[in-house]
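Summary of the model geometry
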Amino acid sequence: MSRFSNLGHRLYQGEVSFDFVGRRKLWYSISGVIVLVAAIGLAMGLHLGIEFKGGSVYTVTKPGLTVSQAQDKADQVVSSHPLVQSTDGNKIRIQVSTDESKSSDEVRSQLAEKIGVPLDTVEAQVIGPSWGKQISNKALTGLIIFMVLVTLYLAIAFEWRMAVAALVALIHDLLITIGVYALVGFEVTPGTVIGFLTILGYSLYDTVVVFDTVKENTKDLTKQNKRTYSEAANAGLNQTLVRSLNTTVVALLPVAALLFIGGGLLGAGTLNDISLALFIGLAAGAYSSICVATPLLAQLKEEQPEMKALRKRVLQHRAAAVKAEASDAAPTDEGADGDQPAGMVGQRGRAAGAARPKGRPSTKR
């Protein structure tokens, strides 16, 4: 741990640096492949919950009743492949879609008979598809408003290029999360929508922190000729790298406990809808703020005329420095007398002059 904290200090001081911005083509390629796979999963269709497509929910209370036992009994009652999940308080939740031909009362009484419980211990709730449509429309409206407000805030607080980069990162995270949901086959519920909105806020927060450091590093950048905008942006990204990783790991630990322990080992299937969205979204948000948003910002900024002129001055300054260093080092490598250093030639010349008698003419013509 101490070595990791020391690495963070060295990154902040600029002693160690990872070239994230310079490798933006690599990150773009990786993101493109991931988004393509997610798009394929999304094209296959989402497994919408009963809140979105309508149906009936039956809650059965019976101590010792397992999910597999309830699934077998439910399959004997209905023919529309019911979804069975465990909930708190030794309760089993059975979802039946609107494709079922039997009435709600008929299904309820048959479930009570098959499972072996009194009829009053089976609670029934019928949800129409219109309610799910209203929820979907409200969620979409909220998402659009969120995107607009985010873009306006970043454009005012920073600049429009940062707003564009952050917006691309947000869409990137959302597509990946929804695509993974479709590929895994998890049910999309209102909790999933809450998870989507949560990860968008987290991704935005992480991106804004990085952009704030980049903004400080690039202040009055055109007044110097030592580094380009991409190099200054990469330095700011490295300064916040350890902080971003620490924040992501700390956020992922409890979410992983909900997903793998609560939903996997303990069988609390109702936790999967929100925990998977948070887990994928948090990881994608950390990746996008480092490998997508900042490299894209640097690419947009480098298209400005003043940044192009800055890059030209920086390259000229570095070429002049290398040339000056080479010219300073040249006399020490080879003297005027062929392979012999200049110092040796001078010493021999002085020695020859000292050996010649004073006042005697030289025989050299």
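Rules used in this analysis
- Residues numbered from 1 in each chain as written.
- Predicted model: local features only at pLDDT ≥ 70, side-chain atom pairs only at ≥ 80, totals over all residues.
- Heavy atoms only, no water.
- Axes fitted to C-alpha atoms, helices over the stretch in contact; angles between N-to-C directions.
- Helix = DSSP H or I, 4+ residues; strand = E, 2+ residues; numbered from the N terminus.
- Parallel < 35°, antiparallel > 145°, perpendicular 65-115°, else oblique.
- Left-handed = near helix turned anticlockwise from the far one by under 90°.
- Contact = heavy atoms within 4.5 Å.
- Nonpolar A, V, L, I, M, F, W, Y, C, P; charged D, E, K, R; others polar.
- Patch = residues over 30% accessible without salt bridge, like charges linked within 9 Å, V, L, I, M, F, W, Y side chains within 5 Å.
- Areas by Shrake-Rupley, 256 points an atom, 1.4 Å probe, with all protein chains shown as cover.
- Salt bridge = Lys/Arg side-chain N within 4 Å of Asp/Glu carboxyl O.
- Buried < 20%, exposed > 50% of the residue type's maximum accessible area, 1.4 Å probe, protein only.
- pLDDT = per-residue confidence, 0-100.
- Pairing = 2+ DSSP bridges.
- Polar contact = N/O pair within 3.5 Å; in protein donor to acceptor, adjacent residues only side chain to side chain.

What about the packing of helix H9 (residues 229-239) against helix H11 (residues 272-301)?
In the contact formed by H9 and H11, the axes pass within 9 Å of each other and the chain directions differ by 155 degrees. With respect to H11, the element H9 is oriented roughly antiparallel. In the crossing of H9 with H11, the sense of the turn from one axis to the other is right-handed. Of the residues in H11, those touching H9 at Tyr229, Ser230, Ala233 and Leu237 are Ser289, Ile290, Thr294, Leu297, Ala298 and Lys301. Taken together, the residues that form the contact of H9 with H11 break down as six nonpolar, three polar and one charged.

What to know about a nonpolar patch on the surface
A cluster of nonpolar side chains, namely Val33, Leu36, Val37, Ile40, Met44, Leu183 and Val184, defines an oily patch on the protein surface of about 670 Å² accessible area. Taken together, the elements giving at least two residues each to the nonpolar patch come down to helix H2 (24-44) and helix H7 (160-184). At five residues, H2 tops the list of elements feeding residues into the nonpolar patch. In this structure, methionine 44 sits in helix H2. For methionine 44, a relative accessible area of 61% translates into the label exposed.

So, the confidence of the model for the protein chain
Chain-level pLDDT for the protein chain is 79 on average; 81% of the residues reach the 70-or-more range. Note on residues 334-365: pLDDT is under 50 here. Beyond four places in sequence and across chains, it has seven contacts.

Thoughts on the side chain of arginine 93
With respect to the helices and strands, the residue arginine 93 is situated in strand S4 (residues 91-97). Taking relative accessible area as the criterion, arginine 93 reaches 17% and is therefore assigned buried. Residue contacts for arginine 93: discarding those within four places in its chain leaves Ile50, Glu51, Val57, Tyr58, Leu83, Val84, Gln85 and Thr87.

Quick notes on the sheet that holds S4
Taken together, the four strands give an open sheet; going across it, the order is S3-S4-S2-S5, and neighbouring strands pair in antiparallel fashion. On the outer flanks of this sheet lie strand S3 (83-87) and strand S5 (122-127), each paired with one strand and no other. Neighbour-to-neighbour, the strand axes of this sheet turn through a mean angle of 20 degrees, independent of strand direction. With seven bridges connecting them, strand S2 (residues 55-61) and S4 associate as antiparallel partners.

Remarks on H9
Where burial is concerned, most of H9 is hidden: nine out of the 11 residues are buried. The complete set of buried residues in H9 reads Tyr229, Ser230, Ala232, Ala233, Asn234, Ala235, Gly236, Leu237 and Asn238.

Quick notes on the environment of isoleucine 199
Looking at where isoleucine 199 falls in the secondary structure, it is placed in helix H8 (residues 190-217). Considering only alpha carbons, one finds isoleucine 199 and aspartate 173, 26 residues apart in sequence, at a separation of 8.1 Å. With residues near it in sequence (within four places) discarded, isoleucine 199 still touches Thr177, Ala277, Leu278, Gly281 and Leu282.

Here's the deal with the environment of threonine 192
Looking at the element boundaries, threonine 192 is found in helix H8. Assessed through its relative accessible area of 0%, threonine 192 is described here as buried. Taking the C-alpha atoms as reference, threonine 192 lies 8.8 Å from asparagine 272; in sequence the two are 80 residues apart. For threonine 192, the contacting residues outside a window of four places in its chain are Tyr181, Glu187, Asp273 and Ala277. Looking at threonine 192, its side chain comes within polar contact range of the side chain of tyrosine 181, at 3.3 Å.

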